[in-house]
Amino acid sequence: MAGKPSRTMNPWLCFHLLLVTGCLADPQRSDNVYVSGISNACGDVAELVRASSGVITSPGWPFQYPSTLNCSWNIRGKPGDIITLSFQDFELQGSQHCALDWLSIGSYRSLEGYRACGSALPAPYISTQDHVWLHFHSDRAQAAKGFRLSYITGRAEAAGCEPGQFHCSNGKCVPESWRCNNMDECGDRSDEERCGPPAAAFSFQPCAFNQFPCLSRYTRVYTCLPHALKCDGSIDCQDLGDEIDCDVPTCGEHLKNFYGSFNSPNYPDFYPPGSNCTWIIDTGDTRKVVLRFTDLKLDGTGYGDYVKVYDGLTEAPRRLLRVLTAFDSRAPVVVVSTSGRLRVHFYADKINAARGFNATYQVEGFCLPWEVPCGGDWGCYSEAQRCDGYWHCPNGRDELNCSSCQEEEFPCSRHGACYPRSDRCNYQNRCPNGSDEKNCYFCQPGNFHCKNNRCVFESWVCDAQDDCGDGSDEESCPVVVPTRVITAAVIGSLVCGLLLVIALGCTCKLYSLRMFERRSFETQLSRVEAELLRREAPPSYGQLIAQGLIPPVEDFPVCSGSQASVLENLRLAVRSQLGFTSLRLPSSGRHGSLWRGLFWSSRSRRSGSLPLVSADPPHPPQEGGGARAEEPSPPPPSGPRAELSPCCPARPLPPAPWRRWSPW
């Protein structure tokens, strides 16, 4: 172990010569290692230990410690560190509930934590904060060997460890010498894995008639204990064999003061299995009662061991405020009643046990005798909290007018720099430790007050970033739609609107056409239109061709620019009959005879029929009563037909017998 060179006289010899020579040895120190000796730890002020690791022993160890001692050590690590203690030797005067000689370990100076005595080696202690208080007390009676412990500080989850250290499965770093020592310094027993069986397990000897075998819950080594330790309320065996099937001691109390405290049986030692206790708090005041569990360590999972808190004096299910189990063992718990009455019920099964709990209560707004009121309903503070740089009062009364600061200024820490009220809670650190921005009940103008008593700029509220740390600056904010979503919505709306306009236009057009058709049927027809609808349809082109009245369509020259085709003449004739345009038919020659025969040949078939066109009637009979002789019908074509080019009539058609009567 590194350290300064040892002095010429060892501490134990110096202690024996203290009355003669008056010499006093100082503890050996270095930057990283601390070794206690005969120091001012047993004076009025606790000894502050800041080394990252070290060894602390009782005065005089390994010999007997003196009587009437009160020694205190305050081990402090870096912010965020945890501290692990491991005992190598322990022997104090034993007593019921460790009332004579004892060593207590806790996180607070004024609040006693875990207390140990006797000869059983205590289990390793793992803190939850970056500091640990050790208090050693001896009475005037007999003394014992004392204790020796080692400690180490470090992060709860470290990425790597230094040489000579073991990296636990949960991320802690412990000395390599702590491995396989039957002590769980890691907290997850990873330092005791893959270890050989204890040597003492093979050399265990039968116990005497007034003793019983026991696997120590401290050393995990089989040993023999006297029968007097059975059912004494203190668990000594790992399997609880010394406290099973025992009468459970009575516990519980009726508390009537405005403040007080209570704890589980044998606290801070293990509570007896099967404990069943009830505490009734009746302050006689209508104000609320604030119940704080400063320490809580229950065994089991689910509802194995539990603490139930009821609002009132009865255990009615509808009055249940809180159920505490092993899952609530990591942080302090606060329960507030609606009146001045509470009922606390603690139950433990007979399977296992744990340290238990310690609880305090007080009427809301009531200051304890050793506290100073902040004024109004702002709470209380103790003298130890006066001028420590942290505002325990919302109005800052505990930090006002400190000796190290001027009027209306507040200290950053004890004997530190000061700052004015205008720099308080404005989201700009004035103090190196940031104490001017902690526990802010009010914020400067232009700042937002978070639910966790922090202040941030008002412009940072509802900016989609958690600046408070608890999300309170992003609560009740209007939903901000991204620009891409807005653009897509606008484009989609325009497209939908365009499709709607097109659909409406098509609907209106179809409606207009339908109404036009309906009006056309409802309009009164003229005589010509009515007769045209009632008369027989004209012969089809096929019928005309079959009767020989017109040649086949494919034989018509359709590319001549000077003459119209028969089809065009038919169309013009129908349009003239309907009154759209006038029609002039050839009236003389062979062409006139052909058209008259075409449109008047069907008149004799059915009486009352109208001609297709309103042309001149057939010529009357010639004078002399002779009828005009009809021209002979053209003979059917016998020769091969010439192919007609629909686009180019330059090729002459071959002669055919019927072409002599063709109008072209």
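Residues numbered from 1 in each chain as written. Predicted model: local features only at pLDDT ≥ 70, side-chain atom pairs only at ≥ 80, totals over all residues. Heavy atoms only, no water.

Chemist: Sorry if this is basic, but what is going on with a nonpolar patch on the surface here?
Modeler: Judged by side-chain polarity, I491, V495, L498, L499 and I502 come together as a nonpolar surface patch covering roughly 470 Å² of accessible area. Tracing the sequence through the fold places L498 in helix α4 (residues 483–522). (Patch = residues over 30% accessible without salt bridge, like charges linked within 9 Å, V, L, I, M, F, W, Y side chains within 5 Å. Areas by Shrake-Rupley, 256 points an atom, 1.4 Å probe, with all protein chains shown as cover. Salt bridge = Lys/Arg side-chain N within 4 Å of Asp/Glu carboxyl O. Helix = DSSP H or I, 4+ residues; strand = E, 2+ residues; numbered from the N terminus.)

Chemist: Before we go on, may I ask you to explain the state of the cysteines in this structure?
Modeler: Two cysteines form a disulfide when their sulfur atoms are joined by a covalent bond. Applying the stated criterion across every chain, the model contains 14 disulfides. Across the disulfide, C98 is cross-linked to C117 (sulfur-sulfur distance 2.1 Å). Here the disulfide of C98 and C117 is left-handed, its torsion about the S-S bond being about -80°. Residue C98 is found in the loop between β6 (81–91) and β7 (102–106), and its partner C117 is found in the loop between β8 (114–116) and β9 (125–126); the two are separated by 19 residues along the sequence. Neither residue differs from the other here; C98 and C117 are each classed as buried. With its sulfur 1.8 Å from that of its partner, C405 forms a disulfide with C418. Across the disulfide from C405 to C418, rotation about the S-S bond amounts to roughly -80°, and the bridge is consequently left-handed. Placement of C405 in the loop between β26 (380–382) and β27 (409–411) and of C418 in strand β28 (residues 418–420) is noted, with a sequence separation of 13 residues between them. In this structure C506 is a free cysteine whose sulfur lies 9.3 Å from that of C508, the closest cysteine sulfur available. (Disulfide = S-S within 2.5 Å. Buried < 20%, exposed > 50% of the residue type's maximum accessible area, 1.4 Å probe, protein only.)

Chemist: So what exactly am I meant to see when it comes to the nonpolar core here?
Modeler: For soluble globular proteins, nonpolar side chains are generally found buried alongside one another. Within the largest apolar cluster, 28 residues are counted, with the highest numbers of intra-cluster contacts made by W73, L85, L134 and F136. Mapped by element, the contributors of at least two residues to this core are β5 (69–76), β6, β7, β8, β10 (131–138) and β11 (146–155). Not counting residues within four places of it along the chain, the set of residues in contact with F136 comprises S58, P59, Y65, L69, N70, C71, W73, L92, W102, L103 and F147. In this structure, F262, L342, F346 and Y361 belong to the second largest nonpolar core, which totals 27 residues. (Core = buried A, V, L, I, M, F, W, Y, C linked by side-chain atoms within 4.5 Å. Contact = heavy atoms within 4.5 Å.)

Chemist: Is there a simple way to explain the pairing of β5 in this structure?
Modeler: Two faces belong to every sheet, and in a regular strand the side chains alternate between them. Most of β5 sits out of view: six of its eight residues are buried. Note that strand β3 (residues 47–49) and β5 share three bridges and pair parallel. By the bridge assignment for β5, V49 is matched with I75. For β5 and β10, the ladder comprises eight bridges, and the chain directions are antiparallel. By the bridge assignment for β10, R76 is matched with H131. (Pairing = 2+ DSSP bridges.)

Chemist: So what exactly am I meant to see when it comes to the confidence of the model for the chain here?
Modeler: Fine structural detail should not be taken from predicted coordinates in areas where pLDDT scores are low. Per-residue pLDDT for the chain averages 75, and the proportion of residues at 70 or more is 72%. Note that residues 199–203 has pLDDT below 50 and, in this model, two contacts with residues that lie over four places away or in other chains. This model gives residues 636–664 a pLDDT under 50, and the stretch forms 44 contacts once residues within four places in sequence are excluded. (pLDDT = per-residue confidence, 0-100.)

Chemist: It is not clear to me how the sheet that holds β7 should be interpreted in this structure. Could you clarify?
Modeler: One key point about sheets: their strands pair by backbone hydrogen bonds, in either a parallel or an antiparallel sense. The strand order β3-β5-β10-β7-β8 describes an open sheet built from five strands, whose pairing is mixed. Where the open sheet ends on each side, the last strands, each with one partner, are β3 and β8. The average angle at which neighbouring strand axes cross in this sheet is 20°, direction not considered. (Axes fitted to C-alpha atoms, helices over the stretch in contact; angles between N-to-C directions.)

Chemist: Hey, could you run me through the pattern of salt bridges in this one?
Modeler: Where charged atoms from two side chains of opposite charge approach closely, those side chains can pair. For the structure shown, the criterion picks out nine salt bridges. Close ionic contact of R343 with E315 constitutes a salt bridge, the shortest N to O distance being 3.2 Å. Taken as a pair, R343 in strand β23 (residues 341–347) and E315 in the loop between β20 (306–311) and β21 (320–324) lie far apart in primary sequence, 28 residues in all. On the basis of relative accessibility, which here comes to 18%, the residue R343 falls in the buried class. Of the residues examined, E315 reaches a relative accessible area of 35% and is grouped as partly exposed.

Chemist: It is not clear to me how the sheet that holds strand β24 (residues 356–363) should be interpreted in this structure. Could you clarify?
Modeler: In spatial order, the strands read β17-β24-β19-β22; together these four strands make up an open sheet with antiparallel pairing. Of all the strands in the sheet, the pair left with one neighbour each is β17 (259–263) and β22 (333–336). Going across the sheet, the axis of each strand differs from the next one's by a mean of 20°, ignoring polarity.

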